[in-house]
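Okay, here's what each chain looks like letter by letter:
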Amino acid sequence: MTTTRYDIMRPTPQVRRPSWRVPHWWPQVLIYAGAVAVLAMWWRSTGSVTGLDGWLTEAGRVTGLLAGYGCAVLLALMARVPALERGVGTDRLARWHAMGGRYTVCLVLAHALLIIWGYAVTARTDVVHETATVIVDYPEMLKGTAGFLLLLGVGITSARAARRRMRYETWHYLHFATYLAIFLAFSHQLANGAQFAGSPWAKAAWYTLYIGVAVTLVWFRFLMPAVRGVRHGLRVTAVHTEAPGVVSVYMSGRHLDELRAEPGQFFRWRFLAPGFWWTANPYSLSEPPRGHRLRITVKEAGGHSRALARLRPGTRVWAEGPYGGFTGARPHHDRALLIAGGVGITPLRTLFETLPGDVTLVYLARGPRTSPCAANWTTSPASAARALTTSWTSRPTTPCRWTAGRCATSSPTSGTGTSTCAVRPA
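Residues numbered from 1 in each chain as written. Predicted model: local features only at pLDDT ≥ 70, side-chain atom pairs only at ≥ 80, totals over all residues. Heavy atoms only, no water.

Some thoughts on the confidence of the model for the protein chain
Phase 1: The pLDDT averaged across the protein chain works out to 80; a share of 80% of its residues lies at or above 70.
Phase 2: A low-confidence stretch, residues 378-389 (pLDDT under 50), is modelled with 53 contacts involving residues beyond four sequence positions or located in other chains. (pLDDT = per-residue confidence, 0-100. Contact = heavy atoms within 4.5 Å.)

Considering helix α9 (residues 177-192)
Phase 1: In a regular helix each residue adds 1.5 Å, so 16 residues correspond to 22 Å; α9 covers 23 Å between its end C-alpha atoms and thus fits that length.
Phase 2: Taken residue by residue, α9 has Thr178, Ala181, Ile182, Leu184, Ala185, Phe186, His188, Gln189 and Leu190 as its buried positions.
Phase 3: If you follow the buried residues of α9, they end up packed against α2 (51-77), α4 (90-123), α6 (141-157), α8 (168-175), α10 (194-197) and α11 (200-232). (Helix = DSSP H or I, 4+ residues; strand = E, 2+ residues; numbered from the N terminus. Expected span 1.5 Å × (residues − 1). Buried < 20%, exposed > 50% of the residue type's maximum accessible area, 1.4 Å probe, protein only.)

As for the side chain of Asn281
Phase 1: With respect to the element layout, Asn281 can be found in strand β5 (residues 281-284).
Phase 2: When residues no more than four places from it in sequence are discounted, the contact partners of Asn281 are Tyr168, Glu169, Phe267, Arg268, Trp269 and His304.

With respect to a positive patch on the surface
Phase 1: Together, Arg102, Arg160, Arg164 and Arg165 give the surface a local cluster of positive charge.
Phase 2: Inspection of the secondary structure puts Arg160 in helix α7 (residues 160-163). (Patch = residues over 30% accessible without salt bridge, like charges linked within 9 Å, V, L, I, M, F, W, Y side chains within 5 Å. Areas by Shrake-Rupley, 256 points an atom, 1.4 Å probe, with all protein chains shown as cover. Salt bridge = Lys/Arg side-chain N within 4 Å of Asp/Glu carboxyl O. Lys, Arg positive; Asp, Glu negative; His and termini not counted. Charge placed at Lys NZ, Arg CZ, Asp CG, Glu CD.)

Looking at the side chain of Thr63
Phase 1: Mapping Thr63 onto the fold places it in helix α2.
Phase 2: Looking at Thr63, the relative accessible area reads 12%, which means it is buried.
Phase 3: Looking at Thr63, its side chain comes within polar contact range of the main-chain oxygen of Ala59, at 3.0 Å.
Phase 4: The contacts of Thr63, once residues within four sequence positions are left out, are Leu107, Ala110, His111 and Leu114. (Polar contact = N/O pair within 3.5 Å; in protein donor to acceptor, adjacent residues only side chain to side chain.)

Describing the nonpolar core
Phase 1: By size, the foremost hydrophobic cluster in this structure holds 34 residues, and its most contacted members are Met41, Leu65, Leu84, Leu93, Phe196, Trp206 and Tyr210.
Phase 2: Secondary structure elements with two or more residues in this core: α1 (25-45), α2, α3 (82-87), α4, α9 and α11.
Phase 3: The contact partners of Leu84, leaving out residues within four places of it in the chain, are Val22, Pro27, Gly89 and Leu93.
Phase 4: The next biggest cluster of nonpolar side chains, apart from the first, holds 23 residues, and it includes Leu294, Leu308, Leu311 and Ala319. (Core = buried A, V, L, I, M, F, W, Y, C linked by side-chain atoms within 4.5 Å.)

Some remarks on the pairing of strand β8 (residues 335-341)
Phase 1: Covered by surrounding structure in β8 are Ala336, Leu338 and Ala340 only, the residues Arg335, Leu337, Ile339 and Gly341 on the alternate face being uncovered.
Phase 2: The pairing of β8 with strand β9 (residues 358-364) spans seven bridges and is parallel. Its bridge partner being in β9, Leu337 is matched across the sheet by Thr360.
Phase 3: Taken together, β8, helix α13 (residues 345-354) and β9 form a β-α-β motif whose crossover is right-handed. (Pairing = 2+ DSSP bridges. Right-handed = clockwise from strand over helix to strand, strands pointing away.)

What to know about the packing of α9 against α11
Two packed helices can be described by the angle between their axes and the distance between those axes.
Phase 1: Look at α9 against α11: their axes get within 11 Å of each other, and the N-to-C directions meet at 165 degrees. One finds that α9 runs roughly antiparallel with respect to α11. The handedness of the crossing between α9 and α11 is left-handed. When α9 is examined against α11, the residues Tyr179, Ile182, Phe186, Gln189 and Leu190 are found in contact with a partner set consisting of Lys203, Trp206, Tyr207, Tyr210, Leu217 and Arg221.
Phase 2: Taken together, the residues that form the contact of α9 with α11 break down as eight nonpolar, one polar and two charged. (Axes fitted to C-alpha atoms, helices over the stretch in contact; angles between N-to-C directions. Parallel < 35°, antiparallel > 145°, perpendicular 65-115°, else oblique. Left-handed = near helix turned anticlockwise from the far one by under 90°. Nonpolar A, V, L, I, M, F, W, Y, C, P; charged D, E, K, R; others polar.)

Here's the deal with the sheet that holds strand β6 (residues 293-299)
Phase 1: One open sheet holds the three strands; their spatial order is β2-β3-β6, and the pairing between them is antiparallel. Two strands close off the open sheet at either side, each with one partner strand: β2 (235-243) and β6. For this sheet, the mean inter-axis angle between neighbouring strands, taken without regard to orientation, is 20 degrees.
Phase 2: Here β2 pairs with strand β3 (residues 246-252) via seven bridges, running antiparallel. Considered in β3, the bridge of Arg235 is made with Ser252.

Here it is as structure tokens:
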């Protein structure tokens, strides 16, 4: 293990006008309120429930309504609405989406099983025969069945065991089948849903929900990136190799201050070059936005990140974002501890440069040659000097368990065996 000490310059934090953020609990309240409204719609249109067939059928209808509502919520969570992304945070929205996806798939399975079982008890026939009857004879059921199978397939490929065996790009393209599945199931809901058959108000509410989500999704995920691409004219200006398998991509454009990007945030970058057109991958900013320039630093981890080294200056770029709530706007004390490993240093480096107060950065890497930002600590204009002490370990696979006590007491200069990048006031 070697220890090196640098004198670096940390800029005085710039005061930025804060972007409006949705409080993180607002979406949860809205989602639960919507679920209660769906249950109230079922309750209002349902009379007395008697017999096994009645209980099974109504249970199937309830789960079907909740599954349909869940599909709309899943799309809304991933619509990339800037206020949601900043206030709730992309990581939290993704967790909600994943959890909601599991619940929705379970509700769809329960709906199919219960409704067919209830119909079979009413018709005094077996479940297999009733399944064939429902699929063939009921209106819009072929579409509904296709949507059900597609949604089930997306759920299976999104499981951790399956997703670990797939490239990100493959999983991403397969996930687009969700849109088709929900589109096919929508017509089935309106054609066969007992709650919609005799209630124009319920049908109008369902149309409003789905059309509102569809408009939001199309605008923020497809139209806004195109509009911003034309407005800002973002292009690649240079590609620099920082370390083996690590490159920095520099981009410049017009009116970039209108993006209101903050340190710690990321964009989904679509490079308009052969092999990149159809993919928008997320990469964090590796330096605070500076005038007309943005920079990302990417470590090779797949086909897309590996190909970034071949980008040519002048390549046009569409940047979707900024996304993420991991910024200096989060409540924090005057003293902040940042912990990163490998290329994970990129967003924390921007926070290190801009967070006010006493900031300590703990960084684990194999060595200066493989560190994404080792050569860039002294490149930032600043007015406040700081000292940077780094320790590089030659055994990166050795388990390293950090606790609050160890972070408070460990230091490369105290004789303890640590792999840290600690920054202290000069």
